[in-house]
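Secondary and tertiary structure notes
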Amino acid sequence: MRIAIVSTPFIRVPPSGYGGTELFCHELAEGLSAHGHEVTLFATGDSVVTCRRRSLYGSPIWPPMPEDEVNHVAWAFVEIAREDGFDVIHVNSPIAVPFTRFVRVPAVHTLHHAPCGESSRIYARHPEVAYVAISARQRALEIPLPRSCVIHHGVTPARYPPSLSDEGYLAHLGRYAEEKGTHLALDIARAAGLPIKLAGRAHPKDQIYYLQEVVPRLRESGVSDLGEMGHDRKVALLRGARAVLCPLQWEEPFGLIAIEAMLCGTPVLGFRRGSFPEIVDEGVTGYLAPPGDLSRLAALAAGLARFDRAACARRARERFSSAVMVGKYEELYRTVTGPRRAEGSRAA
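Residues numbered from 1 in each chain as written. Predicted model: local features only at pLDDT ≥ 70, side-chain atom pairs only at ≥ 80, totals over all residues. Heavy atoms only, no water.

Overview of empty space enclosed by the protein
Per the counting criterion, the structure on display carries 1 cavity of 30 Å³ or more. For the largest cavity, the calculated volume is near 30 Å³. Lining the largest cavity are V6, S7, T8, V73, V91, N92, S93 and A96. Among the residues making up the lining of the largest cavity, the classes are represented as 4 nonpolar, 4 polar and no charged. (1 Å grid on protein atoms, 1.4 Å probe; cavity = no way out; pocket = protein on both sides within 12 Å on 5 of 7 lines; lining within 4 Å. Points joined across faces, edges and corners; volume = space filled by probe spheres on them. Nonpolar A, V, L, I, M, F, W, Y, C, P; charged D, E, K, R; others polar.)

Structure, rendered in structure tokens:
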């Protein structure tokens, strides 16, 4: 198939640090290309992929602004219409969905964020698009979508070599934000009597929270803030961690850092909410506690010295490899393009 994937103009593909949507676009584009599909990725000019890449912006536009995304998406659809030969278009932001009406090509949209009223109104007006939720919980919280399915994210296991031992510290990675529970991760580590290493940064909208709730805790003994890091350093941090703490304060749609940790053999500790009951196999890839139960997570963290990291890595490879994800998207593409491709065959 000829497949157009429209990423964002905000972060390169693959991301050098933060960037869940862009990491997904990279894994999908590379996996589809390896299976023989002709993939064109619409992304920033500094993106590095083996498939064909098209770009309006030479480098990422940051901070994210809807005007820049509209400009990027509109340009991408003009190029798609001009080429006139794609079998399916895969978009990755709600802003892109209305543009699908301007081309006669089946469209797939992966929902990367928590449901919100503005996006849901767009989806309701475009029932012809095939929607992909990244967890069953995300789909349950969204408006009813007539054409929808659930496909969990996956990544390339070879990029996350397992570690059968840890270095005795806890880790918390990603965006420093109240909904991510960064301050709670620090409190859990202190209660467990273990050092903790943070890796990430606070976005502009989270600066007040960061200054009030995180910065004072960074002064405590055993806390290290390593800042945002690239893939190799991130994997080294995950491989050495006894566990990754994800005390989420919201309905997280998925959680890429969780499956990255599991692939390294590192268990995930979090609350039983959002996507985590779906992606964490308790006792094998991690443990969950009732929302808000910090003492339970601290007790779990303190008792992980004999955790079976090899079994964790095996289960993660069975469930969250890019091959599993790509295969499911291929099935979806065949479903949405089937009638159109059959009509083309009859016309020929």
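Quick notes on the nonpolar core
Core analysis: the biggest nonpolar cluster contains 61 residues, and L170, L173, I196, M262, V268, L269 and F276 have the highest contact counts within it. The biggest single contributor to this core is helix α8 (residues 256-263), with 7 residues. Excluding its chain neighbours within four sequence positions, the residues that come into contact with I196 are L170, A171, H172, A185, L186, A189, G222, V223, S224 and L245. Listed in part, the 25 residues of the second largest apolar core include F24, V108, V326 and V336. (Core = buried A, V, L, I, M, F, W, Y, C linked by side-chain atoms within 4.5 Å. Buried < 20%, exposed > 50% of the residue type's maximum accessible area, 1.4 Å probe, protein only. Helix = DSSP H or I, 4+ residues; strand = E, 2+ residues; numbered from the N terminus. Contact = heavy atoms within 4.5 Å.)

Considerations on helix α5 (residues 182-192)
Of all 11 residues in α5, 9 are buried, a share of seventy percent or more. Among all positions of α5, only T182, H183, L184, A185, L186, D187, I188, A189 and A192 are buried. Where α5 ends, the next residue or the one after it, G193, has phi of about 75°, a positive value.

Things to note about the UniProt feature "domain: Glycosyltransferase subfamily 4-like N-terminal" (unreviewed entry) in the protein chain
Annotation from UniProt places "domain: Glycosyltransferase subfamily 4-like N-terminal" (unreviewed entry) at residues 18-119. Structurally, residues 18-119 comprises 35% helix and 17% strand, and the distance from its first C-alpha atom to its last is 23 Å. (UniProt positions renumbered as here; feature names shortened; annotations may be inferred.)

Regarding the sheet that holds strand β10 (residues 223-225)
With parallel pairing, the 6 strands of this open sheet are ordered in space as β10-β9-β8-β11-β12-β13. Two strands close off the open sheet at either side, each with one partner strand: β10 and β13 (286-289). In this sheet, adjacent strand axes meet at a mean angle of 20° when their direction is disregarded. Relative to strand β12 (residues 268-271), strand β11 (residues 241-246) runs parallel, the two being bridged by 3 bridges. (Pairing = 2+ DSSP bridges. Axes fitted to C-alpha atoms, helices over the stretch in contact; angles between N-to-C directions.)

Comments concerning the side chain of H183
As for its position among the elements, H183 is in helix α5. What makes H183 buried here is its relative accessible area of 12%. Apart from residues lying up to four places away in sequence, H183 is in contact with E178, Y209, E213, V214 and R217.

Re the environment of A133
Relative to the helices and strands, A133 is located in strand β6 (residues 130-133). Assessed through its relative accessible area of 4%, A133 is described here as buried. As a C-alpha pair, A133 and C149 span 16 residues in sequence and 6.2 Å in three-dimensional space. When sequence neighbours within four positions are dropped, the list of residues in contact with A133 reads Q138, R139, C149, V150 and I151.

Details of unusual backbone geometry
The linkage connecting V13 with the following residue, P14, adopts the cis geometry, with an omega of -5°. Structurally, P14 can be placed in the loop between β1 (2-6) and α1 (20-34). With phi around 50°, D84 is a residue other than glycine that occupies positive phi space. You can see D84 is positioned in the loop between α2 (66-83) and β4 (88-91). We classify D84 as exposed; its relative accessible area is 65%.

A short note on the packing of aromatic side chains
The final tally for this structure, using the stated rule, is 9 aromatic pairs. Feature note: the residues F24, Y329 and Y333 constitute an aromatic cluster, connected by ring pairs. The ring of Y169 has K197 sitting right over it, with the charged end atom 4.2 Å from the ring centre. (Phe/Tyr/Trp six-rings, centres within 6.5 Å; stacked < 30°, edge-to-face > 60°. Lys NZ or Arg CZ within 6 Å of the ring centre and 35° of its normal.)

A short note on the UniProt feature "domain: Glycosyl transferase family" (unreviewed entry) in the protein chain
The positions that UniProt labels "domain: Glycosyl transferase family" (unreviewed entry) are, in the present scheme, residues 166-300. From the first C-alpha to the last, residues 166-300 spans 15 Å; its make-up is 39% helix and 22% strand.

Details of the sheet that holds β6
One open sheet accounts for 7 strands, arranged β3-β2-β1-β4-β5-β6-β7; its pairing is parallel. Among the strands making up the open sheet, the edge pair consists of β3 (52-54) and β7 (148-150). Strand-to-strand twist across the sheet, computed as the mean angle between neighbouring axes with direction ignored, equals 20°. Bridge count between β1 and β4: 4 bridges; the pairing is parallel. Directly across from A4, in β4, lies its bridge partner I89.

Details of the pattern of salt bridges
One pass over the structure, following the stated rule, counts 25 salt bridges. Close ionic contact of E251 with R137 constitutes a salt bridge, the shortest N to O distance being 3.0 Å. Linking E251 in the loop between β11 and α8 with R137 in helix α4 (residues 136-141), this pair joins segments that are 114 residues apart in sequence. When its relative accessible area of 34% is taken as the criterion, R137 is described as partly exposed. Close ionic contact of R201 with E228 constitutes a salt bridge, the shortest N to O distance being 2.7 Å. With R201 in strand β9 (residues 196-201) and E228 in the loop between β10 and α7 (231-240), this residue pair connects regions lying 27 residues apart in the sequence. Taking the relative accessible area as the measure of exposure, R201 reaches 28% and is therefore partly exposed. (Salt bridge = Lys/Arg side-chain N within 4 Å of Asp/Glu carboxyl O.)

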